[in-house]
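Now for the letters of each chain:
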Amino acid sequence: VASKFQAPRGTFDVLPAESQARGQIQAIASRLLDSAGYERIETPAFEYTDLFERGVGRSTDIVRKEMFTFDDKGKRSLTLRPEGTAPICRAYIEHGMHKLAQPVKLYYTGPFFRHERPQSGRHRQFHQIGIEAIGTDSPAADAEAIVLLDRLLKDLDVPGVALKIGSLGSPDARHVYVKRLAEYLRKWEADLPDGVSERIDLNPLRAFDSKDPRTKEIMAGAPTMIAALEGEDAEHFDAVCAHLDISGVSFTVDPTLVRGLDYYSRTTFSFVCEELGAVSEVGGGGRYDGLVEQLGGPSVGAVGWAVGVERILLAKGESVSQPKGDLYFVAGTNRDARQIAPAVADWLRWAGAATESDLAERGLRGQLKHANRIGAKWALILNEWTAGELRNMETGGQIEVDATELLQTGDPVGLLREWGQET
Ligand code: HAM
């Protein structure tokens, strides 16, 4: 009976055609982050639920509505990770990483899970590339993180990117400010929609995110944290901006920049991209000085970001696809030659040439037709060990070759190229 299974809502299969583009994004990111001294870390796809409740924050949409949470057989609550920062802080504490040279600079890539309403650029399983620099208060670390994400998006040719930065101040200053903001909102409570007014006490900052026109008007007159920054918080923010100016990274200061996670303090930033329409953000992050301590570790400063792989792909359209290099197909004219073909293919792959051979007992015509379909540029047609032809599948030109030479030379790929030029 034919089944009607489909991938679960909000998830998708990465088919081979797209897998190549994703691989390329990962490779470019790894090269950049390796070169900046960030080391790769992998944490589990699920964690104990209280890590996210405490780390990401109970007032956030992520914890309130978007987590995939389930009990294990021992009735402990587990959650598929909705983000990477809290798990990495957990690992930093668990493995005593505060004893290493600080800051500890880490990067990660992998799937994350949020039960959101699916739309273009918003999925229930999506992929992030992210970094965390843990164990530093210095504005140089904020600037380096931002410069690296800016560089990554440039290296990936993501079009139409703009950087917004803001500051939430240190937790104490933020606390005072949030109270002032709540008082301001309470004056307008009757005019605010339920979703906003309900959260005046829980998290009034989220009112800046509201799409409601009346709320937007009200928020235009609201006090901002940037205007309230003073002392070391103001100095820190100015220093981050100065570093960015010297690095030639352009940005605008957005006094209302709010990100959907509770752990941020001081710097926050968001890279938006006009190609992304409603979801708009390609990546972002900020400083989270209190988080490690809140999770039971030492009091250390930290900063990081994450970028959405699907959003990079969406912003770039089709343009990530990579031209394939030359592909060789080793064919055999008779039974003996067909038996040798896989060994020759293995040898050529070892030497660095992309090579395939027949896996379906085809005759010579069938093999060459197949070679054409898979886009092979060259067919090495073996008659027996010593005799064969190299055929250029694009032009049809071919020359006779001695296949044993291939097995004897130190540079089989070079020899194939030489032969290729004669076809
Ligand atoms: P976030 O803003 O929640 O931050 O997510 C970062 C990026 O992940 C977003 O800019 C977006 O590209 C992508 N993303 C988020 N949700 C979805 C979704 N449902 N579908 C597709 N893409 C999505 C964090 O996760 C923080 N941990 C970033 C950070 C690291 N802050 C400090 N260190």
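The structure we're discussing is the one just above.
Rules of the game
Along each chain, numbering runs from 1 in the same order as the chain's sequence is written. Local features in this predicted model are restricted to residues of pLDDT 70 or higher, and side-chain atom pairs are both shown and tallied only at a pLDDT of 80 or more, whereas totals for entire chains, interfaces and linings draw on every residue. To get the side-chain values, take all heavy atoms of the structure and skip hydrogens and water. Between buried and exposed lies partly exposed: a residue is buried under 20% and exposed over 50% of the maximum accessible area for its type, with that area taken using a 1.4 Å probe on protein chains only. Comment: elements are numbered from the N terminus, with helices defined as DSSP H or I runs of at least four residues and strands as E runs of at least two. When DSSP finds two or more bridges between a pair of strands, those strands are recorded as paired. Expected helix span is computed as 1.5 Å times (number of residues minus one). Orientation is described by axes fitted as lines to C-alpha atoms, over the contacting stretch for helices, and by angles from 0 to 180 degrees between their N-to-C directions. For a crossing to be left-handed, the near helix must be turned anticlockwise from the far one by less than a right angle; the clockwise case is right-handed. A contact between two residues is defined here by any heavy atoms of the two lying within 4.5 Å. Only Asp, Glu, Lys and Arg are considered charged, only Ala, Val, Leu, Ile, Met, Phe, Trp, Tyr, Cys and Pro nonpolar, and every remaining residue, Gly among them, polar. Space inside and on the surface of the protein is sampled on a 1 Å grid over the protein atoms alone, with a cavity defined as a set of points where a 1.4 Å probe fits but cannot get out and a pocket as an open set with protein on both sides within 12 Å along at least 5 of 7 lines; lining residues have an atom within 4 Å of a point. Grid points are joined across faces, edges and corners, and a volume is the space filled by probe spheres set on the points.

K.L.:
Sorry, what's going on with the pairing of strand E9 (residues 267–273) here?
P.N.:
The two faces of a sheet get side chains in turn, since along a regular strand they alternate between them. In terms of residue burial, E9 counts as a mostly covered element, since seven of its seven residues are buried. Burial of E9 is two-sided: the residues Thr267, Phe269, Phe271 and Cys273 facing one way and the residues Thr268, Ser270 and Val272 facing the other way are all buried. Where strand E7 (residues 161–167) and E9 come together, seven bridges link them in antiparallel fashion. In the strand pairing of E9, glycine 166 is matched with threonine 268. In the sheet, E9 pairs with strand E10 (residues 281–287) via five bridges, with the strands oriented antiparallel. Bridging across to E10, phenylalanine 271 finds its partner in glycine 283.

K.L.:
Hey, could you run me through helix H5 (residues 139–155) in this one?
P.N.:
Residues lying three or four places apart along an α-helix face the same way, a consequence of the helix completing one turn every 3.6 residues. Taking 1.5 Å per residue as the helical rise, H5 with its 17 residues ought to reach 24 Å, and the 24 Å between its terminal C-alpha atoms agrees with that figure. All of the buried residues along H5 are Pro139, Ala141, Asp142, Ala143, Ala145, Ile146, Leu148, Leu149, Asp150, Leu152 and Leu153. Taken from the residues just after H5, aspartate 157 is the one with a positive phi, measuring 55 degrees.

K.L.:
I keep staring at the packing of helix H1 (residues 16–35) against H5 and nothing clicks. Help me out?
P.N.:
Each pair of packed helices can be described by the angle between their axes along with the distance between the axes. For the pair H1 and H5, the least separation of the axes is 10 Å and the interaxial angle reads 145 degrees. The interaxial crossing formed by H1 with H5 has right-handed handedness. From H1, Ile28, Ala29, Leu32 and Leu33 reach across to H5, where they touch Leu148, Arg151, Leu152 and Asp155. When grouped by side-chain class, the residues that make up the contact of H1 with H5 number six nonpolar, no polar and two charged.

K.L.:
Got a minute to help me understand the layout of surface pockets in this structure?
P.N.:
By rolling a water-sized probe across the atoms, one finds the places where empty space is left. Here the second largest pocket is characterised by a volume of approximately 490 Å³. Every residue lining the second largest pocket is counted, 24 residues in all, and those nearest its centre are Pro171, Arg174, His175, Asp262 and Tyr264. Put simply, the parts of the chain that give the lining of the second largest pocket at least two residues each are helix H2 (49–55), helix H6 (171–187) and helix H11 (291–294). Here the lining of the second largest pocket gets five residues from one element, more than from any other, and that element is H6. When grouped by side-chain class, the residues that make up the lining of the second largest pocket number nine nonpolar, eight polar and seven charged.

K.L.:
How do you make sense of the sheet that holds strand E16 (residues 398–401) when you look at a structure like this?
P.N.:
The pairing of strands in a sheet comes from backbone hydrogen bonds and takes either a parallel or an antiparallel form. If you walk across this open sheet you meet the five strands as E13-E12-E14-E15-E16, and the pairing is mixed. Looking at strand neighbours, the two that pair on one side only are strand E13 (354–357) and E16, the edges of this open sheet. Averaged over all neighbouring strand pairs, the angle between strand axes comes to 25 degrees, with direction disregarded. When strand E15 (residues 388–392) meets E16, the two strands line up antiparallel, connected through four bridges. For glycine 388, the partnering residue across the bridge sits in E16 and is valine 401. Where helix H14 (residues 364–373) meets the sheet, its contacts fall on strand E12 (327–332), strand E14 (378–382) and E15, and the angle it forms with E12 comes to roughly 175 degrees. Lying over the sheet, helix H16 (residues 412–421) contacts E12, E14, E15 and E16, oriented at roughly 70 degrees with respect to E15.

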